[in-house]
Amino acid sequence: MLELDCGQEFDAARDAEFFSGLPPRPGVLLLEMIAENAEPYLARTADIRRAAERLLSPRDPASKQLNLRDVAARIRYRVTRSKFEQTFTLYEQARKYFPRRYRALMRLRPPALLKVNLRNDYPRCYVTRRIRADEGFYFGPFSSRRVADAFAEGFLDLFKIRRCQIKIRRDPSYPGCIYSEMKMCLAPCFAGCTKEEYDAEAGRVLETLDSSGAALTERLSREREAASEALDFERAASLHKRLEKVDAALRGLPELTRRIEDLNAVILQRSAEEKTILVFPVLGGIFAEPIFLRFGDSSEPRSVEALLREKLQPQTPATGRKPASESPEQQSSATRYGLQSAPPELSEHLSLVARWFYSKPRDGEIFFREAAWPYRRILRACNRLLNPSGPSPTGKKSPPQSAAQSNPAES
């Protein structure tokens, strides 16, 4: 947890000395009150000293501005370098001091996700903002519901699973819908397919989302090559058009959107400390304890990379996939793809990640864990944040110093 690590007692008789002791820097501040049962005042600011002067200076009778001079006992604060660190600190402090209304204070709204409800005999894919441990498949987060709806519309055109919300009764007399008439749905509502055929199609949807489209693209590419080798050029042309349609549907899909259990990443931010990078690990969509990487710290016997490995390797996501005793072929879709656990903070942390990731401009950098953590790329990014490249005396940009060179412990 990022604590409010600095503080001062407030004495109205010595307010000039009090204000001069506060840094004119961005951060998060908390004003504690004299009365024990009074709620504190929590805020983020671009200038801690100026905010304290506004709140604690002598009251102007003609002003309606909030003034806490007569009720404040002390100030606690944390200096921050980045907007993300400031937002994350504010979130943790708001959750601590205002457990009933911190979501409203932070304006936290659950992110837009795609969900495949695997508890239904005939699953469908739709956009939702509610995350529950209901063995559903969740994919996201998207920047907005509008973007999620637009992606879902193009993506579902590639498959033939249902889009209706009715209860499937497999009634041959049921007239069906426009999608079944257009051959864009297997029509389980009037027994247009068997349960096994529908499960196979739903499995292809899950496999495609789980691989962010790679599984479908690779399968179609193999089928196209096989058709070409068999001189079945008509089928090869048809598969080529389908590949183009797949590429169009998946084009522009943000790197952040994935199965939420697989959202393992690190967000790098410049810290207020000198030559320090603040690393925010995201494991299974949930933030772990932030890591401070102090470059140039001669008292640390280990290299920065070794420290990073030590902190990241043992950690496992709270919503991560658990090893299964059965093979993938033997597992049900709910067991293989369904969300098994959803801590209360999962939706909030996904919202914080999405808010930062889709912000423009976006400060800091993010790296995702695929097969392993990209340690070398992370260290190079730390260098970029600590040593922004600028013009050299010759007029050319000087190359950034390597991470190993900026930490004497590594040499």
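This text follows the structure it describes.
Residues numbered from 1 in each chain as written. Predicted model: local features only at pLDDT ≥ 70, side-chain atom pairs only at ≥ 80, totals over all residues. Heavy atoms only, no water.

Draft legend 1. How the structure looks around the overall build of the protein. When its secondary structure is counted, the protein shows 13 helices and 13 strands. A total of 411 residues make up the protein; the buried ones form 45% of that total. Of the contacts made within the protein by residues no fewer than 6 positions apart, 61% connect residues no fewer than 24 positions apart. Summed over its atoms, the accessible surface of the protein is roughly 22,000 Å², and 49% of this surface lies on carbon and sulfur atoms. (Helix = DSSP H or I, 4+ residues; strand = E, 2+ residues; numbered from the N terminus. Buried < 20%, exposed > 50% of the residue type's maximum accessible area, 1.4 Å probe, protein only. Contact = heavy atoms within 4.5 Å. Areas by Shrake-Rupley, 256 points an atom, 1.4 Å probe, with all protein chains shown as cover.)

Draft legend 2. Geometry of the sheet that holds strand 6 (residues 125-128). The strand order across the open sheet built from four strands is 6-5-7-8, with neighbouring strands paired in antiparallel fashion. The sheet is open, and its two borders are formed by strand 6 and strand 8 (258-259), each paired with just one other strand. Looking at chain direction, strand 5 (residues 112-116) and strand 6 are connected through four bridges and run antiparallel. Note that in strand 6 the partner of valine 116 across the bridge is cysteine 125. Strands in contact with helix 7 (residues 195-210) are strand 5, strand 7 (137-142) and strand 8; relative to strand 7, the strand with the most contacts, it is inclined by about 40°. (Pairing = 2+ DSSP bridges. Axes fitted to C-alpha atoms, helices over the stretch in contact; angles between N-to-C directions.)

Draft legend 3. Up close: the pattern of salt bridges. Across all of its chains, the model carries 25 salt bridges by this definition. Among the ionic pairs, glutamate 32 bridges to arginine 76, the shortest N-O distance being 3.3 Å. In this pair, glutamate 32 sits in strand 2 (residues 27-33) while arginine 76 sits in strand 4 (residues 72-79), placing the two residues 44 residues apart along the sequence. Of the charged contacts, one joins glutamate 273 and arginine 294 as a salt bridge, the two residues approaching to 2.9 Å between their closest N and O atoms. Of this pair, glutamate 273 sits in the loop between strand 9 (265-270) and strand 10 (276-283) while arginine 294 sits in strand 12 (residues 291-294), placing them 21 residues apart in sequence. Its relative accessible area of 33% is what places glutamate 273 among the partly exposed residues. A relative accessible area of 37% means that arginine 294 is categorised as partly exposed. Each of the salt bridges in this network shares a partner with another, and the network as a whole consists of Glu9, Glu32, Arg74 and Arg76. (Salt bridge = Lys/Arg side-chain N within 4 Å of Asp/Glu carboxyl O.)

Draft legend 4. Just helix 12 (residues 346-357), in detail. In this model, helix 12 (twelve residues) spans 16 Å end to end at C-alpha, consistent with the 16 Å of a helix rising 1.5 Å per residue. Of all twelve residues in helix 12, eleven are buried; the element is thus mostly enclosed. Residues Leu346, Ser347, Glu348, His349, Leu350, Ser351, Leu352, Val353, Ala354, Trp356 and Phe357 constitute the buried set of helix 12. (Expected span 1.5 Å × (residues − 1).)

Draft legend 5. A look at the sheet that holds strand 2. Taken in spatial order, the four strands of this open sheet run 1-4-2-3, and their pairing is antiparallel. Strands with a single pairing partner mark the edges of an open sheet, and in this sheet they are strand 1 (6-9) and strand 3 (41-45). The sheet shows a mean angle of 20° between the axes of neighbouring strands, taken without regard to direction. In the sheet, strand 1 pairs with strand 4 via four bridges, with the strands oriented antiparallel. Opposite glutamate 9, over in strand 4, you have arginine 74 as the bridge partner. Packing of helix 3 (residues 83-97) onto the sheet brings it into contact with strand 2, strand 3 and strand 4, and relative to strand 3 it is tilted by some 175°.

Draft legend 6. Inspection of helix 8 (residues 214-229) at higher detail. Here helix 8 contains 16 residues, and its C-alpha end-to-end distance of 23 Å stays within 8% of the 22 Å for a straight helix at 1.5 Å per residue. Among all positions of helix 8, only Ala215, Leu216, Leu220, Ser221 and Ala227 are buried. Elements in contact with the buried residues of helix 8: helix 7 and helix 9 (233-250). Once helix 8 ends, the next one or two residues include leucine 231, with phi positive near 65°.

Draft legend 7. Broad picture of the nonpolar core. In terms of nonpolar packing, the biggest core is built from 38 residues, with Leu114, Phe137, Phe139, Phe142, Phe151, Phe155 and Leu209 touching the most fellow members. Contributions of two or more residues to this core are made by strand 5, strand 6, strand 7, helix 5 (145-156), helix 7, helix 8, helix 9 and helix 11 (333-337). Sorting elements by how many residues they give to this core places helix 9 first, with six residues. Apart from the residues within four sequence positions on either side, phenylalanine 155 is in contact with Val205, Thr208, Leu209, Ala249 and Leu250. Residues Val28, Ala265, Ile267 and Val282 belong to the second largest nonpolar core, which totals 36 residues. (Core = buried A, V, L, I, M, F, W, Y, C linked by side-chain atoms within 4.5 Å.)

These figures come from the coordinates and say nothing about function on their own.
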